Amino acid sequence: NIQTQPPFPRYSMSWTSVAASAAVLLASCSQTDAFVTPAAFSGRMSSRAAARATPLAVYMDAALILQNKGGGHGEIGFHMAKQLKDKGLDVVLMQDSAAKMDKNPFNSYGDLGVEVVTADLSNKDEVQSKIAGKSFTHVFDNFAKDVGTCTLGEIAKNTWGVKSYVYVSSGGMYEASNPQPMKEDGATKATGQRSVEEHLEGLGLPWTSFRPQYIYGPKTNKRDYLDWFIDRIVRGRACPLPGDGKQLASVTNCEDVASMMTSVVGNEAAAAKQVFNCGTDDLISYEELCNMVAKVAGKEAKTVTYDPSNFDLPKGSFPFRNTEFAVTPDKAKQVLGWSPKNKLSSDLPWYYQQYVDAGLDKKDIKFEADDKILG
């Protein structure tokens, strides 16, 4: 006899697979008394039962994504949800209610085919109420900026017993004095994101932290990094570059950023308690980027270099650091078997077309900081 006790964990299989699994279990029951409980389905059965049932797995891993309201990390959750679903996980995407849901990428969530819920992600009680009665094997936290906004660490450890808690941190925590490109063991500043990494370690979770840098993508809501160059080139203006303009940057397609993070699935043991730099291995200099944009736009590239110490410029006058500030993803390539699939040189044509289609080439822009530099 097969006895079951509700509630079952979240799972999903084709009818063919269910029938095959049932056959395996029935065959085992004919040899000895067997009780198939929810724990058995989730891999917590006895060693004897496990040996009989391992040919086919009924339990389906489930992932919870906590997605912030936008900005540089705003597109990551969309791609993670798509990739995790393609990997066969049951996905719940919990979106911070502060997001503008009529904007990219949030207005495309309906295309994902996953469960989407909204909540004030800084409110621990509200977050937990929205997922009451559910259990997850993987958490992807793309929200917490400090320990106070890390709302699910304890429940992930003590109630769900997750296989992996992935935290989307930031490459901005590295000290600029580190050798370039920077490795994961480089010196860091005391930031909110760094405190979250330490908090997850203190909880004893199987945590993994990813530190992205500059991100672009097809559904981005933060276009600053590349648009800064396009804004000037399409208007026939020079691009003022700090230093000699040859500093390298890691400018990465969001699909690759997400794929590095979702590569933890199936690599949980290797990824546990590890930090990974999250960026492309195809680094580009500011000068090269200017020339690349000009070629795509069919315009002439004009650059002027300057010493930033000679000017009192407002924040945001240039989209990158004045000094070289890039990371190497070599550790992720070696440990997780990850590699990027996209290159900025190949992506710029469609990115530029999005810029034109949005009418940004006709937008009235003031270049006050540029004018101060150029005289």
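Residues numbered from 1 in each chain as written. Predicted model: local features only at pLDDT ≥ 70, side-chain atom pairs only at ≥ 80, totals over all residues. Heavy atoms only, no water.

*Asks:* Just checking my understanding: could you explain the confidence of the model for the protein for this structure?
*Replies:* For any part of a model where pLDDT is low, the fine detail of the predicted coordinates should not be relied upon. In this model, the protein carries a mean pLDDT of 88, and residues with pLDDT of at least 70 account for 84%. Counting interchain partners and residues more than four positions distant, the pLDDT-below-50 stretch residues 1-58 has 54 contacts. (pLDDT = per-residue confidence, 0-100. Contact = heavy atoms within 4.5 Å.)

*Asks:* Teacher, can you tell me more about the sheet that holds strand S11 (residues 274-278) here?
*Replies:* Strand pairing in a sheet takes place through backbone hydrogen bonds and is either antiparallel or parallel in direction. Taken in spatial order, the 7 strands line up as S3-S2-S1-S4-S5-S6-S11 in an open sheet, and their pairing is parallel. Each having just a single partner strand, strand S3 (115-119) and S11 make up the two edges of the open sheet. Ignoring strand direction, the axes of neighbouring strands in this sheet form an average angle of 15 degrees. Across 4 bridges, the pairing between strand S4 (residues 138-142) and strand S5 (residues 164-168) is parallel. What sits directly across from His138, in S5, is Ser164. (Pairing = 2+ DSSP bridges. Helix = DSSP H or I, 4+ residues; strand = E, 2+ residues; numbered from the N terminus. Axes fitted to C-alpha atoms, helices over the stretch in contact; angles between N-to-C directions.)

*Asks:* What exactly am I supposed to notice about the side chain of Thr252 here?
*Replies:* The residue Thr252 is located in strand S10 (residues 251-253) in this model. Residue classification places Thr252 among the buried residues on the basis of a relative accessible area of 2%. Polar contacts involving the side chain of Thr252 include one to the main-chain amide nitrogen of Thr280, which spans 2.9 Å. (Buried < 20%, exposed > 50% of the residue type's maximum accessible area, 1.4 Å probe, protein only. Polar contact = N/O pair within 3.5 Å; in protein donor to acceptor, adjacent residues only side chain to side chain.)

*Asks:* Just checking my understanding: could you explain unusual backbone geometry for this structure?
*Replies:* One can expect most non-glycine residues to show negative phi and most peptide bonds to be in trans. Note the cis peptide between Asn104 and Pro105, where omega equals -5 degrees. For Pro105, the location among the structural elements is in the loop between strand S2 (90-96) and S3. The omega torsion of the bond from Gln180 to Pro181 falls at -10 degrees, within 30 degrees of zero and hence cis. Mapping Pro181 onto the fold places it in the loop between S5 and helix H7 (192-203). Even without being a glycine, Lys273 presents a positive backbone phi close to 60 degrees. Following the sequence through the fold, Lys273 ends up in the loop between helix H10 (268-271) and S11. By relative accessible area, Lys273 is classed as partly exposed at 40%.

*Asks:* Mind showing me how you'd approach the packing of helix H4 (residues 76-86) against helix H9 (residues 254-262) here?
*Replies:* The axes of two packed helices give the description: the angle between them and the distance between them. As a packed pair, H4 and H9 sit with axes 9 Å apart at the nearest point and diverge in direction by 55 degrees. With respect to their mutual orientation, H4 and H9 come out oblique. Crossing handedness for the pair H4 and H9: right-handed. Only Cys254, Glu255, Val257, Ala258, Ser259, Met261 and Thr262 of H9 make contact with H4, whose side of the interface consists of Ile76, His79, Met80, Gln83 and Leu84. A breakdown of the residues in the contact of H4 with H9 according to their chemical character gives 7 nonpolar, 4 polar and 1 charged. (Parallel < 35°, antiparallel > 145°, perpendicular 65-115°, else oblique. Left-handed = near helix turned anticlockwise from the far one by under 90°. Nonpolar A, V, L, I, M, F, W, Y, C, P; charged D, E, K, R; others polar.)

*Asks:* Mind showing me how you'd approach the side chain of Asp141 here?
*Replies:* Among the structural elements, Asp141 can be located in strand S4. Although Asp141 is buried, it forms no salt bridge, and the closest oppositely charged side chain is Lys145 at an N-O distance of 8.3 Å. Among the polar contacts made by the side chain of Asp141, one reaches the main-chain amide nitrogen of Ala144 at a distance of 3.1 Å. Leaving out residues up to four positions away in the same chain, Asp141 has contacts with Leu66, Cys150, Tyr165, Val166, Tyr167 and Val168. (Lys, Arg positive; Asp, Glu negative; His and termini not counted. Salt bridge = Lys/Arg side-chain N within 4 Å of Asp/Glu carboxyl O.)

*Asks:* Where do I start with the packing of aromatic side chains in this structure?
*Replies:* Think of a pair of aromatic rings as described by two things: how far the centres are apart, and how the planes are tilted against each other in angle. Taken as a whole, this structure holds 18 aromatic pairs when the rule is applied. Arranged with centres 6.4 Å apart and planes meeting at 90 degrees, the rings of Tyr216 and Tyr351 form a pair that is edge-to-face. With Tyr216 in strand S7 (residues 214-216) and Tyr351 in helix H13 (residues 344-357), this residue pair connects regions lying 135 residues apart in the sequence. Judged by relative accessible area, which is 3%, Tyr216 ranks as buried. On the numbers, 6.0 Å between centres and 75 degrees between planes, the contact of Phe318 with Phe320 is edge-to-face. Through successive ring pairs, a cluster of aromatic residues spans Tyr214, Tyr225, Trp228, Phe229, Tyr286, Phe318 and Phe320. Residue placement shows Lys331 over the ring face of Phe276; its charged tip is 5.1 Å from the ring centre. (Phe/Tyr/Trp six-rings, centres within 6.5 Å; stacked < 30°, edge-to-face > 60°. Lys NZ or Arg CZ within 6 Å of the ring centre and 35° of its normal.)

*Asks:* It is not clear to me how the environment of Lys333 should be interpreted in this structure. Could you clarify?
*Replies:* With respect to the helices and strands, the residue Lys333 is situated in helix H12 (residues 330-335). For the pair Lys333 and Met260, spaced 73 residues apart in sequence, the C-alpha to C-alpha distance is 8.9 Å. The contacts of Lys333, once residues within four sequence positions are left out, are Asp281 and Trp338.

*Asks:* How should H13 be read in this particular structure?
*Replies:* Note: α-helices contain 3.6 residues per turn, so residues at a spacing of three or four share the same orientation. Spanning 14 residues, H13 covers 19 Å between terminal C-alpha atoms, matching the ideal 20 Å at 1.5 Å per step. Of the positions making up H13, those classed as buried are Leu344, Asp347, Leu348, Tyr351, Tyr352 and Tyr355. Against S7, helix H8 (224-233), S10, strand S12 (284-285) and helix H11 (286-297) lie the buried residues of H13. (Expected span 1.5 Å × (residues − 1).)

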